[in-house]
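Coordinate analysis (summary)
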Amino acid sequence: SRDEVDPNTAAGQARLDRFLNWSYLRIQLKSTFEHIERMTTQTITLVSGTGDYAVTPWAIDHIRYNNFGRQLRPLTRAQLSNITISSGQPSRFARWGARIYLDMTPATAQNGHTFTIYGWTEPSVLVTTASTAASTLNTVWDEVVVAGAAWRGWRSLWDHIKADMY
């Protein structure tokens, strides 16, 4: 019913906020558009004997081994698990949660070498309460967010004709 999206009720306002957030999060996905506002880097300094490191980017585009001017090749965690890890110069990595694991544990010769991780920050929520709505994206995306929220609202009311207008 239309009461479900009535902004004058707490439940209606919460549902509208959710539609805005879904729309906003969807356009922030790397697969939708590579927003420069969300691009980030992280530098990791290798420590001999340490084969895994915490990462802050939400999605990784690539990792550059700065001392040799080349990229590390990505593997899945399952692929990396099938490799015997010895010490030496890393050339591949796998991500698992908030950590990356290297195919070689850095030896003393690699101590102090650096990687730069290029990626994207985690999509942020747009609406937490009505008074704290703030977009981290360029304002040209505001209309897209509203159109996406309207589309979700009309679809929740089973009015697919109006939804398809958005």
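Attention shifts here to the overall build of the chain. Per the secondary structure count, the chain includes four helices and ten strands. For the chain, the α and β elements follow one another from N to C terminus as α-β-β-β-β-β-α-β-β-β-β-β-α-α. Scored against the burial criterion, the 166 residues of the chain give a buried share of 32%. Long-range pairs, those at least 24 residues apart, make up 60% of the contacts in the chain with a sequence separation of at least 6. Element-wise, carbon and sulfur atoms account for 55% of the exposed surface of the chain, whose accessible area totals about 9800 Å².

As a further point, take the pairing of strand β7 (residues 92-96). As a general feature of sheets, a regular strand has side chains that alternate between the two faces. By the bridge criterion, three bridges tie strand β5 (residues 73-75) to β7 in an arrangement that is parallel. Residue pairing in the sheet places Arg-73 in a bridge with Arg-92 of β7. Bridge count between β7 and strand β8 (residues 99-102): four bridges; the pairing is antiparallel. The residue bridging Phe-93 from the neighbouring strand is Leu-102, located in β8. Taking the residues between adjacent antiparallel strands as the criterion, β7 and β8 are bridged by two residues, where Gly-97 takes a positive phi near 65 degrees.

Calculation notes
Residues numbered from 1 in each chain as written. Predicted model: local features only at pLDDT ≥ 70, side-chain atom pairs only at ≥ 80, totals over all residues. Heavy atoms only, no water. Helix = DSSP H or I, 4+ residues; strand = E, 2+ residues; numbered from the N terminus. Buried < 20%, exposed > 50% of the residue type's maximum accessible area, 1.4 Å probe, protein only. Contact = heavy atoms within 4.5 Å. Areas by Shrake-Rupley, 256 points an atom, 1.4 Å probe, with all protein chains shown as cover. Pairing = 2+ DSSP bridges.

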